[in-house]
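# Architecture and fold: a report
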Amino acid sequence: MTASTEPREDAPVEDGRVHDAQVIVIGAGPAGAAAGYWLATAGVDVLLLEKSAFPREKVCGDGLTPRGTRALVELGIDVSEQAGWLHNRGLRVIGGGMRLELDWPELATYPNYGLVRPRSDLDQLLVRQAVRAGARLHERTGVTGPIRTPAGRVVGVTAKSGDQELTYRAPIVLACDGVSGRFALSMGLERNRKRPMGVAVRRYYRSPRHNDDYLESWLELWDGDPAADDAKLLPGYGWIFGMGDGSVNVGLGVLNSSAGFQKTNYRTLLTSWLDNTPADWGLREENALGPTQGAGLPMGFNRTPHYRDGVLLVGDAGGSVNPFNGEGIPYAMESGKLAAEAAVQALARPDGPQRERALAGYPAAMRAEWGAYFRLGGVFVKLIGNPKVMRACTRHGLPHPRLMAFVLKLLANLTDPADGDAADRLINALTRITPAVR
Ligand SMILES: Cc1cc2nc3c(=O)[nH]c(=O)nc-3n(C[C@H](O)[C@H](O)[C@H](O)COP(=O)(O)OP(=O)(O)OC[C@H]3O[C@@H](n4cnc5c(N)ncnc54)[C@H](O)[C@@H]3O)c2cc1C
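Note that residues are indexed from 1 along each chain, following the sequence as it is written. Residues qualify for local features only when their pLDDT is at least 70, as the model is predicted, and side-chain atom pairs are given and counted only at 80 or more; totals for whole chains, interfaces and linings, by contrast, use all residues. Processing note: side-chain calculations cover all non-hydrogen atoms of the structure and skip hydrogens and water entirely.

What follows is about the sheet that holds strand β9 (residues 136-138). Strand pairing is defined by DSSP finding a minimum of two bridges between the two strands. Secondary structure elements follow DSSP: runs of H or I of four or more residues count as helices, runs of E of two or more count as strands, with numbering from the N terminus. Judged by pairing direction, the sheet is mixed, and its 6 strands sit side by side in the order β9-β3-β2-β13-β22-β21 without closing on themselves. Taken across any chain shown, the strands that pair with only one partner, and hence form the sheet edges, are β9 and β21 (307-308). Judged from the 4 bridges that link them, strand β2 (residues 23-26) and strand β13 (residues 172-175) form a sheet pairing that is parallel. Looking at β13, one finds that Ile-24 is bridged to Val-173. Here, residues are in contact when the closest pair of their heavy atoms is within 4.5 Å. The convention used is that axes are lines fitted to C-alpha atoms, helices contributing only their stretch in contact, and that angles between N-to-C directions extend from 0 to 180 degrees. Against the sheet, helix α1 (residues 30-41) contacts β2, β3 (46-49) and β13, and its axis sits at roughly 165° relative to β3.

Structure (structure tokens):
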């Protein structure tokens, strides 16, 4: 990516090194790129600082539910099949001896199809869209820490590009630096270990199953032949997502509520599951395309407050992954939009209490949007951490298609806020009566 990698000519320069902007965004993944797009669209001078260079890989399942499709459409991305997107019509669930295909719901708010696209492509498309809207992008620029006033307010960042030490100043900083949350940590904002967290690994394989119009999810992973007496139920869930290009993205995730969390070798777990899939699917070592890679899934707002001292935590940095299904890309893009809206309003106010009030609108908006739903998700994570509950749910839930259609809506957070069906009304009522996570 070459566009806008240099500071704008009219940007104020101090000591040949200081580049001012109205908003600095740390990290140009889906959260940062979406925030950059919405800020630039509102006419804000926004600078995206990204430690890598696009296209770059990101360890991910590469799958999007209709929630992701909607967020991409909002950003003006062409998600047609002609533009290289693989569409899916629902989720295939495998577990309890059953195989169920559930179509995405028909709703006013969301389209009825999801998408698959490698993150190397997706993230480049998103950041390009932000640059097209007017955001400035500095790649290969890793942020190293905050610049603070004596009172502790963050007014910029220090960064490194090659062996150059840089400083960038701005009245508002968005931390969109992903699961590590390094910038938040440097401000003393630790992860809340009581909130849900997952670990997931994935690997690409050459496979004849590459052209699938359902996302496939395995609720039971067995170590050994499931029919054998000594077969062990593994503490996780798995996925097989066709990439449409001769390959599949296969992975599994484990939640911190399961007994095996951080005591399990996830790479071995993946292989022992795949060794039990039919040989003609090709999910064997000789067809592997690259290594197994993994990362954390920060869920249910496991890092808060989302605003402090001039810094907004967005996407994974603010623990925005959905605890029900491990989906993080749509929440990253949507929280990027919420953060941008708060920043735009704040910039229209004088520095001081007025501006602070506008910025405090961001955590309030996050809570209003997902606080209650994520609290329910935390309960769900605790429940399914118990293999007996998980087994009971798959055995007794999967045989009931209407119940499963409801579960799909709940897990993927896909309802209409008004004029929806009975399932929508029930889910909306549940989230109305549940106190929000703070
Ligand atoms: C194995 C796995 C599978 C997953 N599968 C799915 C899936 O199928 N669907 C889904 O919706 N979600 C999935 N997720 C979750 C999803 O990947 C994340 O929720 C999503 O990427 C969050 O976006 P983000 O922009 O917040 O962070 P990221 O995508 O992590 O982007 C952060 C960016 O910040 C940059 N950065 C970091 N530190 C600095 C720094 N100091 N200075 C400058 N730049 C910096 C990084 O280079 C990166 O570009 C999966 C996660 C894992 C681990």
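Across soluble globular proteins, nonpolar side chains show a tendency to be buried alongside one another. By nonpolar core is meant a set of buried Ala, Val, Leu, Ile, Met, Phe, Trp, Tyr and Cys residues that side-chain atoms within 4.5 Å join together. Between buried and exposed lies partly exposed: a residue is buried under 20% and exposed over 50% of the maximum accessible area for its type, with that area taken using a 1.4 Å probe on protein chains only. With 90 residues, the main nonpolar core has Val-23, Leu-39, Leu-48, Leu-72, Ile-172, Leu-174 and Leu-312 as its most contacted residues. No other element matches the 11 residues that helix α6 (residues 329-347) contributes to this core. Setting aside anything within four residues of it in sequence, one finds Leu-48 in contact with Val-25, Ala-28, Gly-32, Gly-36, Val-127, Ala-130, Ala-135, Arg-136, Leu-137 and His-138. Core analysis: the second largest hydrophobic core is formed by 21 residues, Met-197, Val-201, Tyr-205 and Ile-240 among them.

Right, let's talk about the packing of helix α9 (residues 401-412) against helix α10 (residues 422-433) for a bit. Between α9 and α10, the least distance of the axes is 10 Å, while the angle of their chain directions is 45°. Taken together, α9 and α10 sit at an angle that is classed as oblique. Crossing of α9 over α10 shows right-handed handedness. Where α9 abuts α10, its residues Phe-406, Lys-409 and Leu-410 lie against Ala-423, Asp-424, Leu-426 and Ile-427. In terms of residue class, the contact of α9 with α10 is built from 5 nonpolar, no polar and 2 charged. Should an angle fall under 35 degrees it is called roughly parallel, over 145 degrees roughly antiparallel, and 65 to 115 degrees roughly perpendicular, with every other angle called oblique. When the near helix sits turned anticlockwise from the far one by under a right angle, the crossing is termed left-handed; a clockwise turn instead gives a right-handed crossing. Residues are grouped as follows: nonpolar covers Ala, Val, Leu, Ile, Met, Phe, Trp, Tyr, Cys and Pro; charged covers Asp, Glu, Lys and Arg; every other residue, Gly included, is treated as polar.

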